[in-house]
Amino acid sequence: MSTADSALSITIDGTPDLPGEVLGALYRITGRSRDELRRSILAGEPVYSADLFGPDHHEVAPRLEKACDYLAGLGLGMIAHERVDGQTDEITLDTMREILAAAESAG
């Protein structure tokens, strides 16, 4: 998971026990193992975090967007968070997408 000072993350709303095929698809999108994903979901923790300005931004930001699209397609609610300088705040998914677009055009 991300430890950068500026990051975005998504958490699945609630704690659904998702089937293996869903966890497998999330693994292919995020690179996190099924066990990691299951533990995060059941603990109400982010399923994926993306550093906004790290060296791998161009890899992790699209994964975050793909994970959001996949989960939305399944009808699962999500909560987005933005972490800046150690402060984490809940944001809307639209705001998260705007931040990702701005970070992409800046870098």
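My aim in this report is to walk through the structure given alongside it, one point at a time.

Definitions and limits used
Residues numbered from 1 in each chain as written. Predicted model: local features only at pLDDT ≥ 70, side-chain atom pairs only at ≥ 80, totals over all residues. Heavy atoms only, no water. Buried < 20%, exposed > 50% of the residue type's maximum accessible area, 1.4 Å probe, protein only. Helix = DSSP H or I, 4+ residues; strand = E, 2+ residues; numbered from the N terminus. Contact = heavy atoms within 4.5 Å.

What follows deals with helix H1 (residues 20–30). Along H1, the residues that are buried comprise Val22, Leu23, Gly24, Ala25, Leu26, Ile29 and Thr30. Along its buried surface, H1 packs onto helix H2 (34–43), strand S2 (48–51) and helix H3 (57–73).

On to the side chain of serine 9, then. The topology assignment puts serine 9 in strand S1 (residues 6–12). The class for serine 9 is buried, based on a relative accessible area of 9%. For serine 9, the residues in contact, after removing those within four places along its chain, are Pro46, Tyr48, Ser49, Ile79, Ala80 and His81.

Among the secondary structure elements, proline 16 is positioned in the loop between S1 and H1. With a relative accessible area of 24%, proline 16 lands in the partly exposed category. Counting along the chain gives 10 residues from proline 16 to leucine 26, while the straight-line C-alpha distance between them is 14 Å. What proline 16 contacts, discounting residues up to four positions off in sequence, is Ile41, Leu42 and Leu76.

Function cannot be inferred from these measures alone, as they are strictly geometric.
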